[in-house]
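Structural description and commentary
Listed here are the chains, written in short residue letters.
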Amino acid sequence: MNKFNFNTLVFTVLAGTSLILLFSACSAEKASDVNTETRSFPTTQPILMDTLLFEEFVADIQSPQYVEIRARVRGYLEKIHVDEGQEVQKGQLLFTLSGEGYREGLRLAEAAHRSAVAEAKMAEVEWKNTTILREKDIVSASELELAEAKLEAALARVEEAKAGVSAAELNLSFTEIKAPFSG
């Protein structure tokens, strides 16, 4: 019987504690509901105006086509004709390098070409005279061969001077760097 009384006692204590807690919780809720009062706060009207928002982003702009542009000749950058990021058309002038030395080189090559042409004319006149003299048997055959060799050498110098002019013109054209494609 001792055991039965102990279990009953424990049950009774637990049930009583639960009821006390239940009633105290309910009475606290009712007390908080009673103290509720309506409070008012001051309000303002918003100011309506246009606002510009700026956002900065770190970015890397790349073209769909990538070409590394390098000068083919040496020189100082004289002028930049476009701004970074600007749209360009194929063949549009981008940069100009100092080209005075290349213009002087072209003048020198043209002068060498004119000199070679004059020498070739002199060699041709000499060859014609030697040919006439050989037909009259006044000069030997070796003199005619020598005149022909001088004429061929002079014509070769003309070709060499022409190539020099072309190379100087090409170098001068490389002082203007143009866009390889539109974009």
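We now turn to the structure provided with this report. Here the structure is a predicted model, which is why all the values come from computation and not from measurement. (Residues numbered from 1 in each chain as written. Predicted model: local features only at pLDDT ≥ 70, side-chain atom pairs only at ≥ 80, totals over all residues. Heavy atoms only, no water.)

A surface patch of nonpolar side chains, about 300 Å² in accessible area, is lined by Phe6, Val10 and Leu14. Among the secondary structure elements, Phe6 is positioned in helix α1 (residues 2–34). On the basis of relative accessibility, which here comes to 55%, the residue Phe6 falls in the exposed class. (Patch = residues over 30% accessible without salt bridge, like charges linked within 9 Å, V, L, I, M, F, W, Y side chains within 5 Å. Areas by Shrake-Rupley, 256 points an atom, 1.4 Å probe, with all protein chains shown as cover. Salt bridge = Lys/Arg side-chain N within 4 Å of Asp/Glu carboxyl O. Helix = DSSP H or I, 4+ residues; strand = E, 2+ residues; numbered from the N terminus. Buried < 20%, exposed > 50% of the residue type's maximum accessible area, 1.4 Å probe, protein only.)

What the second largest pocket holds in volume is close to 170 Å³. Taken together, Arg70, Ala71, Arg72, Ser173, Phe174, Glu176, Ile177 and Lys178 make up the lining of the second largest pocket. Looking at the lining of the second largest pocket element by element, the count peaks at 3 residues for strand β3 (residues 176–178). Of the residues assigned to the lining of the second largest pocket, the class counts are 3 nonpolar, 1 polar and 4 charged. (1 Å grid on protein atoms, 1.4 Å probe; cavity = no way out; pocket = protein on both sides within 12 Å on 5 of 7 lines; lining within 4 Å. Points joined across faces, edges and corners; volume = space filled by probe spheres on them. Nonpolar A, V, L, I, M, F, W, Y, C, P; charged D, E, K, R; others polar.)

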